[in-house]
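Here is what each chain is made of, one letter per residue.
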Amino acid sequence: MLTLALPKGRLAEETAVLLLSKGWLKTLPSEGSKELTFVSEDKRLRLLFVRSQDVCTYVEEAAADAGIVGWDILREGGFDLISPVDLKLGACRLSLASFPDFDLFAKRSKVRVATKYPNLTREYFFSKGISCEIIKLYGSIELAPIVGLSDCIVDLVSTGGTLKANGLKEFESILYSTARLVCNRSAFYHKHSELRSLIESLEN
């Protein structure tokens, strides 16, 4: 049996539908269920429902053989995982945003940036030769410049509706992200045939 960690929410639902279409599931997990695990009828696959930020940890620590996670989270964490398939689900982008009159290159000692992605943010600013102060937040990132906590934000954007509703403008896309299948390195060796079967079905 393969154990697959899925991020709770819409991406887990989309992945479950994909697995159903590929024959890995016969039925979908009950909508609105509070259960954290789900086993397929033929016992080929066990699903774990975890927070998106925790998927890579479950896989890296071998609590799951594989998982589905956004490229943004994978890049931010620098996890030691194999990433063989881009599922093309959950497309979004990590972007720099602020008020329309924001000038990234204006003279200031440091740009104050609110984000959930300190590593990718620091890498982006340093690549431009700009010193930045990272303010780590876990939600409602758009609020930070509105209340003066930061000069700008780096956050995930899909439609841009939330930015627009709060008077913010997207200036530059830093990273494009889609959902990826990731595998534990040991499991990729010890359960190679099962994982290869999963990979090939998701690739087609």
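Report follows, based on the coordinates. Model, not experiment: these values are computed from the prediction. (Residues numbered from 1 in each chain as written. Predicted model: local features only at pLDDT ≥ 70, side-chain atom pairs only at ≥ 80, totals over all residues. Heavy atoms only, no water.)

## Considerations on the pattern of salt bridges
All told, the structure shown has eight salt bridges when counted by the stated rule. The salt bridge involving Arg-180 is made with Asp-86; its shortest N-O contact spans 3.6 Å. Taken together, the residues Arg-180 in strand S11 (residues 179-183) and Asp-86 in strand S5 (residues 82-86) connect sequence positions 94 residues apart. You can call Asp-86 partly exposed: its relative accessible area is 27%. (Salt bridge = Lys/Arg side-chain N within 4 Å of Asp/Glu carboxyl O. Helix = DSSP H or I, 4+ residues; strand = E, 2+ residues; numbered from the N terminus. Buried < 20%, exposed > 50% of the residue type's maximum accessible area, 1.4 Å probe, protein only.)

## Notes on the nonpolar core
Among the nonpolar cores identified, the biggest contains 29 residues, and Leu-4, Leu-19, Leu-45, Leu-47, Ile-68, Leu-181 and Leu-202 are the most heavily contacted of them. Only strand S1 (2-7), helix H1 (10-21), strand S3 (45-50), strand S4 (66-70), S5, S11, helix H7 (185-190) and helix H8 (192-203) provide two or more residues apiece to this core. In terms of residue count, H1 provides more of this core than any other element does, five residues in total. Of all hydrophobic cores here, the second largest spans 15 residues; its members include Leu-94, Phe-102, Tyr-117 and Tyr-124. (Core = buried A, V, L, I, M, F, W, Y, C linked by side-chain atoms within 4.5 Å.)

## Looking at the pairing of strand S9 (residues 152-157)
Most of S9 sits inside the fold, with five of its six residues counted as buried. Across five bridges, strand S6 (residues 92-98) lies against S9 in antiparallel orientation. When the sheet's bridge partners are listed, Ser-95 is paired in S9 with Asp-155. (Pairing = 2+ DSSP bridges.)

## Quick look at the pairing of S4
Extensive coverage of S4 is indicated by the burial of five of its five residues. Of the two faces of S4, the one carrying Ala-66, Ile-68 and Gly-70 and the one carrying Gly-67 and Val-69 are both buried. With two bridges joining them, S1 and S4 adopt parallel strand pairing. Considered in S4, the bridge of Leu-4 is made with Ala-66. Both S4 and S11 contribute to a ladder of five bridges, which runs antiparallel. Pairing of Gly-70 across the sheet is with Ala-179, part of S11.

These results come straight from atomic positions and should not be treated as a statement about function.
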